[in-house]
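Descriptive structure summary
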Amino acid sequence: LPLEAAESIPPIAKDAGTHLDLMTVDFDQTTDECRTVDFIVPADITSGGTVTFTVMWYAASVTTNDVFWDFRHNSGVADGVDPDQAVTTEAATACTVAGTAGLIDICTWTETQTNLAWAASDLVVGVFCRDADNASDNFAADAKVIGFGIRIPRS
């Protein structure tokens, strides 16, 4: 699985619940950490459409301040091309914790397909990251992630 050079991998943790236990990925408050993804761009991607990135996360105890997320990717490569290409960062705005421990924040941000440079059937290799040393990240605890999403417009 891909990992941006010099980044750390956040650990998986179990958060015991009353009805459901959640396996979370705990992104540290002081270390930039990333989780990987790779996928094939749909053959019917909408040219010039808007792609939406999503991180679903919550706080175990701290109930104020913001986390800064981003998605870093190789802009897609075709069959027969080395996927180890330059990385582009799609940054979110600061995403605010829900205000009560255990409530999720669904953080979303967008970018146009044209700016991403994704083409039909390309392989995209990327990482979702917490940019812990960003000035906008002032959340003083681990951010407990339960899921990531990439919504790609299709025609």
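All figures in this text were calculated on a predicted structure; none of them were measured in a lab.

Tracing the backbone shows Ser75 in the loop between β5 (66-73) and β6 (88-96). In this structure the side chain of Ser75 is engaged in a polar contact, spanning 3.4 Å, whose partner is the backbone oxygen of Leu116. Look past the residues within four positions of Ser75 in its chain and what remains in contact with it is Thr88, Leu116, Ala117, Trp118 and Asp122.

To describe a pair of aromatic rings, one takes the distance between the centres and the angle between the planes. Scanning the model with the defined rule gives eleven aromatic pairs in all. One aromatic cluster is present, formed by Phe27, Phe39, Phe53, Trp57, Trp69, Phe71, Trp109, Trp118, Phe128, Phe139 and Phe148 through successive ring pairs.

What the five strands build is an open sheet, ordered β1-β2-β9-β4-β7; its pairing is antiparallel. Each of the sheet's edge strands pairs with one partner strand only, and the pair in question is β1 (12-15) and β7 (105-112). Averaged over all adjacent pairs, the angle separating strand axes in this sheet is 45°, with direction ignored. Sheet analysis places β1 next to strand β2 (residues 22-27), joined by four bridges and oriented antiparallel. Bridge pairing links Lys14 to Met23 in β2.

With that settled, consider the state of the cysteines. Counted according to the given criterion, the structure contains two disulfides. Here Cys95 connects covalently by a disulfide to Cys107, the sulfurs 1.7 Å from one another. Note that Cys95 is positioned in strand β6 and Cys107 in strand β7, a separation of twelve residues in sequence. Using a relative accessible area of 5% as the deciding quantity, one classes Cys95 as buried.

What counts as what
Residues numbered from 1 in each chain as written. Predicted model: local features only at pLDDT ≥ 70, side-chain atom pairs only at ≥ 80, totals over all residues. Heavy atoms only, no water. Helix = DSSP H or I, 4+ residues; strand = E, 2+ residues; numbered from the N terminus. Polar contact = N/O pair within 3.5 Å; in protein donor to acceptor, adjacent residues only side chain to side chain. Contact = heavy atoms within 4.5 Å. Phe/Tyr/Trp six-rings, centres within 6.5 Å; stacked < 30°, edge-to-face > 60°. Pairing = 2+ DSSP bridges. Axes fitted to C-alpha atoms, helices over the stretch in contact; angles between N-to-C directions. Disulfide = S-S within 2.5 Å. Buried < 20%, exposed > 50% of the residue type's maximum accessible area, 1.4 Å probe, protein only.

Function cannot be inferred from these measures alone, as they are strictly geometric.
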